[in-house]
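Next come the chains, spelled out residue by residue.
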2 protein chains.
Amino acid sequence: MGQQATLILDVMGADRGPIEMLRGATLFARSKLAPGTKLIVVSAEPEQTKTQAAVELHPALKAAGATLEILAAEPLPSSEGFTAPLDIFKRYPRCSIRIAMEAAKAAGPDCAMISPGTTGLVMASATFTLGRVKGIARPPICTPMPTRTGDMIFLDGGSNVDCKPEHLHQFAVLAHAYVKAMKGIDRPRIALLSNGSEEYKGNAQVKEAWDLLQADAQLNFAGYTEGHTMLSGDIDVMVCDGFLGNIVLKLAEGVAELFTDMLRTEIKRRPLAALAAQLTQRPVFRSLRKRTDYAQFGGAPLLGLNGNVVICHGRSNATAISNALAVGHRMVTSGVTAGVAKAVAEHHWGNGGA
Amino acid sequence: MGQQATLILDVMGADRGPIEMLRGATLFARSKLAPGTKLIVVSAEPEQTKTQAAVELHPALKAAGATLEILAAEPLPSSEGFTAPLDIFKRYPRCSIRIAMEAAKAAGPDCAMISPGTTGLVMASATFTLGRVKGIARPPICTPMPTRTGDMIFLDGGSNVDCKPEHLHQFAVLAHAYVKAMKGIDRPRIALLSNGSEEYKGNAQVKEAWDLLQADAQLNFAGYTEGHTMLSGDIDVMVCDGFLGNIVLKLAEGVAELFTDMLRTEIKRRPLAALAAQLTQRPVFRSLRKRTDYAQFGGAPLLGLNGNVVICHGRSNATAISNALAVGHRMVTSGVTAGVAKAVAEHHWGNGGA
């Protein structure tokens with residue numbers, strides 16, 4: 001039986017709707033991590049959710065010795081899609097993200113909150129409800145990314161658009177502790193994303209961040225990485241602001257998708273090539289998808305909070321949600337958040353502390 | 001016979017060396033654009049270059065009724081690879097880029113300079129030797145990029161790392177005139193690269209640029225585009241600073257390369273799939289490469305200068321160089337640079353002029 005973990009899943013706000021989220025929870029319930037877990041589902045359609053959960057999710061959890069609770073939230077009007085997250089946060093105290101975050105606060109450290117909702121709204125709720133780790137000005141999104149040899153994380157994946165060099169330094173310190181706890185890498189190689197590898201490159205922001213990271217003897221600073229070298233597998237952590245991080249994430253996904261579509265189109269245009277692909281290459285494409293699909297990573301943790309929060313892609317499917325629940329579970333059992341807070345408290349900041 | 005154009009090719013500074021550059025010139029000499037062209041090759045190994053040009057390039061030009069001149073430059077010590085471009089510019093007045101740029105100045109408007117050398121050094125030489133168009137503070141690199149439906153340009157591709165919102169506005173005005181002259185699109189759709197499509201998104205820089213572009217009635221402003229939507233083909237021009245542009249360019253290339261490598265590896269691991277690929281899918285991969293290979297675009301023009309300059313990828317092969325010469329030729333025959341200067345002079349800037 002695994003360590004007791006409470007996982008709180010917000011099933012609202014995803015492109016594919018609550019039913020797909022429940023399917024993801026069911027996949028998780030059937031995995032080896034499920035035993036002993038307490039799953040709390042937060043839904044703005046609680047009656048419907050209860051009925052749907054009774055079909056597959058509840059039996060699967062029961063079989064694993066895990067429990068289910070369903071919390072009611074109020075729906076967000078769809079007209080609010082173009083409103084700034086902070087305004088929504090203030091106006092809708094009973095939305096699913098806020099209810100889920102309050103449940104996370106009440107459940108304490110052995111709990112993780114998982115949401116496919118608007119990043120800004122999750123971030124605002126997390127900051128207000130759980131609070132930031134002392135010394136961290138802005139909690140970043142710690143995003144996994146496939147590389148040539150495996151995967152790395154980069155942060156900030158999109159939470160803080162305007163960052164000062166000190167914020168980038170804080171991201172590096174958070175990531176150092178996170179990778180150590182979650183992947184067992186003692187001195188993760190940390191690079192700054194820039195427009196060249198030479199020291200004279202960089203904009204004003206990353207030049208200053210270079211100086212801070214270079215002067216920090218507790219970090220394993222690897223210098224600048226570039227748009228293409230970041231994929232080489234030579235680094236464990238890439239640091240950038242959330243504006244750049246958001247663009248990097250979406251562009252990498254976009255190029256991979258465009259490439260796949262072009263390949264499919266070119267194959268389909270040629271009957272013989274299409275037949276050959278169907279007869280012999282299905283495992284090729286399956287394996288390729290597995291190596292590059294965001295669903296395999298599941299979700300991206302927020303770092304620097306007094307609690308475990310995992311943000312999922314708005315386009316998450318059941319596999320992604322199941323994997324995001326696994327990330328939350330691993331955060332609880334590894335005690336990563338307490339470890340990160342301790343590392344931040346004990347860090348010799350130089351001038352970089354908040 | 002085409003319009004008389006002088007094309008000045010710097011054959012130094014490319015990863016594959018001067019011989020590959022001469023091969024590219026030969027490809028161009030055999031194309032339908034060559035007749036009437038005057039090709040000036042600038043080399044730091046002029047005797048060797050002369051001997052090599054005698055084998056293929058010179059006969060090909062002669063056959064097309066085109067002429068060849070070879071100018072001597074002095075080599076850059078390879079130890080200078082990590083020196084800032086402006087320092088190199090000052091210390092090596094006889095380097096190939098500076099000699100080529102001076103030849104371009106002497107040759108006047110019916111001339112284009114093409115170089116695969118260090119971007120910063122080409123930019124510094126162009127700015128000092130040819131001069132900027134009045135009203136433009138920082139000449140951007142106008143980079144072509146494949147999309148789902150064809151291609152677009154984005155700027156700045158890497159020349160100006162720290163940009164103010166006014167600079168982004170100037171890039172948009174330059175691109176508007178450039179696309180009109182080169183592609184015949186009357187009101188090109190121009191978008192700003194940001195971290196979301198909603199108006200409340202963006203960092204401080206692009207929020208201000210949004211206001212400037214929104215207020216400019218002469219531009220066809222399409223709002224924000226994102227890391228993945230930029231590839232959709234819905235826009236003709238994407239505007240961003242050179243720091244972001246450099247990262248976008250390298251990441252897009254890097255992801256496409258990584259994806260190709262992964263595909264190749266997965267196919268090779270399966271003998272039947274590999275055999276099928278070899279027998280039936282060669283045209284698939286050829287067509288895919290043709291749609292995504294930077295070599296097809298050849299080069300990226302610098303905009304906002306009193307002259308035509310095309311920057312090539314350091315990794316350029318002969319095809320890329322031939323296509324870059326074609327871009328330079330098209331800039332001369334379309335009179336784009338005079339058109340852009342006129343458009344800038346007549347633009348109602350509001351507060352965005354330099």
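Residue positions within a chain follow its written sequence, with the count starting from 1. The lettering of chains begins at A and the numbering of ligands begins at 1, in the order of writing. In view of the model being predicted, local features appear only for residues whose pLDDT reaches at least 70, and side-chain atom pairs are presented and counted only at 80 or more, with totals across whole chains, interfaces and linings using the full set of residues. Each side-chain value is derived from all of the structure's non-hydrogen atoms; neither hydrogens nor water enter the calculation.

Enquirer: I would appreciate a short explanation of the interface of chain A and chain B in the present structure.
Expert: Residues count as neighbours in contact if any of their non-hydrogen atoms are within 4.5 Å of one another. At the interface, 58 residues of chain A touch 59 residues of chain B. Between chain A and chain B the total buried area reaches about 5500 Å² when both faces are included, carbon and sulfur atoms providing 71% of it. What gets called buried area is simply the loss in accessible area from a 1.4 Å probe that two parts show on being joined, summed for both. The largest contributions to the chain A side of the interface with chain B come from A:Phe243, A:Leu251 and A:Phe259, which together make up 13% of the buried area. Any carboxyl oxygen of Asp or Glu within 4 Å of a side-chain nitrogen of Lys or Arg constitutes a salt bridge here. Counting the contacts that link chain A with chain B gives 4 salt bridges. For B:Lys250, the salt bridge goes to A:Glu226, with nearest N and O atoms at 2.3 Å. Residues adjacent in sequence count toward polar contacts only when both atoms are side-chain atoms; beyond that, a polar contact is any pair of N or O atoms within 3.5 Å, and within protein one must be able to donate a hydrogen and the other to accept it. At the boundary of chain A with chain B, the tally comes to 13 residue pairs in polar contact (both at pLDDT 80 or more). Looking at the side of chain A that touches chain B, the elements that each hand over two or more residues are helix 8 (204-214), helix 9 (242-268), helix 10 (271-280) and helix 11 (282-292) of chain A. Secondary structure counts use DSSP, requiring at least four H or I residues in a row for a helix and at least two E residues in a row for a strand, with both numbered from the N terminus.

Enquirer: What am I meant to see in the sheet that holds strand 10 (residues 300-302) of chain A here?
Expert: All names here are of chain A. Pairs of strands are assigned from DSSP output, requiring at least two bridges between the strands. Pairing is mixed in the open sheet, where 6 strands are placed in the order 3-2-1-4-11-10. Edge positions in the sheet fall to strand 3 (67-72) and strand 10, since each of these pairs with one other strand and no more. When strand polarity is set aside, the average angle formed by the axes of neighbouring strands in this sheet is 25°. Relative to strand 11 (residues 308-311), strand 4 (residues 111-115) runs parallel, the two being bridged by 4 bridges. Residue pairing across strands places methionine 113 opposite valine 309, the latter belonging to strand 11. As a rule, the C-alpha atoms of each element are fitted with a line to give its axis, helices using only the stretch in contact, and angles between N-to-C directions run from 0 to 180 degrees.

Enquirer: How do you make sense of a nonpolar patch on the surface when you look at a structure like this?
Expert: Excluding any residue in a salt bridge, patches collect residues exceeding 30% relative accessible area, merging like charges within 9 Å and nonpolar Val, Leu, Ile, Met, Phe, Trp and Tyr side chains within 5 Å. Here the Shrake-Rupley method, with its probe set to 1.4 Å, supplies the accessible areas, and only the displayed protein chains count as covering residues. Taken together, the side chains of A:Leu272, A:Leu275 and A:Leu279 define a hydrophobic patch exposed on the protein surface, amounting to about 340 Å² of accessible area. Mapped onto the elements of the fold, A:Leu272 is located in helix 10.

Enquirer: Would you mind going over the relation of the copies chain A and chain B with me for this structure?
Expert: Here two copies of a chain appear, and what relates them is a rotation about an axis with a shift along it. Copies overlap after least-squares fitting; the atoms used are the C-alpha atoms of residues with pLDDT of at least 70 in both. Superposition record for chain A on chain B: RMSD 0.0 Å, screw rotation 180°, translation along axis 0.0 Å. In the structure described here, the two chain copies are related by an operation that fits a two-fold rotation axis. Taking the C-alpha atom as reference, chain A places A:Ala276 closest to the rotation axis, 2.8 Å from it. In this assembly the copies share their binding face: 100% of the residues contributing to the interface of chain A also contribute to that of chain B.

Enquirer: Help me understand the side chain of A:Thr225 in this model?
Expert: Residue and element names in this part refer to chain A. Mapped onto the fold, threonine 225 is located in strand 8 (residues 220-225). Within the structure, the side chain of threonine 225 is placed 3.1 Å from the side chain of threonine 229, a separation counted as a polar contact. Residues within four places of threonine 225 in sequence aside, it is in contact with Ala191, Leu192, Leu193, Ser194, Met230, Ile235 and Met238.

Enquirer: Can you walk me through the pairing of strand 8 of chain A in this structure?
Expert: Consecutive residues of a regular strand have side chains that alternate between opposite faces of the sheet. Residues and elements named next belong to chain A. Strand direction decides the pairing type here: strand 7 (residues 189-193) and strand 8, joined by 4 bridges, are parallel. Directly across from arginine 189, in strand 8, lies its bridge partner asparagine 220. The parallel pair strand 7 and strand 8 is bridged by helix 8, and the resulting crossover is right-handed. Call a crossover right-handed when, viewed with both strands pointing away from you, the route from the first strand across the helix to the second goes clockwise.

Enquirer: Would you mind going over the environment of B:Met21 with me for this structure?
Expert: Residue and element names in this part refer to chain B. With respect to the helices, strands and loops of the structure, methionine 21 is situated in helix 1 (residues 17-29). Partly exposed describes any residue whose relative accessible area lies between the buried limit of under 20% and the exposed limit of over 50%, with all areas from a 1.4 Å probe on protein chains only and scaled to the type maximum. Overall, methionine 21 belongs to the buried group, its relative accessible area being 0%. As for methionine 21 and valine 41, which are separated by 20 residues in sequence, their C-alpha atoms are 9.6 Å apart. Once residues within four sequence positions are removed from consideration, methionine 21 is found in contact with Leu9, Val11, Ala14, Pro116, Ser316 and Ile321.

Enquirer: Explanation requested: the nonpolar core in the structure shown.
Expert: Generally speaking, soluble globular proteins have nonpolar side chains that are buried together. Within the largest apolar cluster, 185 residues are counted, with the highest numbers of intra-cluster contacts made by A:Val248 and B:Val248. Not counting chain neighbours up to four residues away, the residues in contact with B:Val248 comprise A:Ile247, A:Leu251, B:Met145, B:Phe154, B:Leu193, B:Met230 and B:Met238. Among buried residues, the Ala, Val, Leu, Ile, Met, Phe, Trp, Tyr and Cys ones that are joined through side-chain atoms within 4.5 Å form a nonpolar core.

Enquirer: Looking at this structure, I do not really get the pattern of salt bridges. What am I missing?
Expert: Once the charged atoms of two side chains with opposite charge are near each other, the side chains can pair. A full pass over the atoms with the stated rule returns 30 salt bridges over all chains. Among the salt bridges present, the one from B:Glu74 reaches B:Arg94, with a minimum N-O distance of 3.9 Å. Taken together, the residues B:Glu74 in the loop between strand 3 (67-72) and helix 4 (85-91) and B:Arg94 in the loop between helix 4 and helix 5 (96-107) connect sequence positions 20 residues apart. Each of A:Arg148, B:Asp261 and B:Arg264 takes part in salt bridges that share partners, so that together they form one network.

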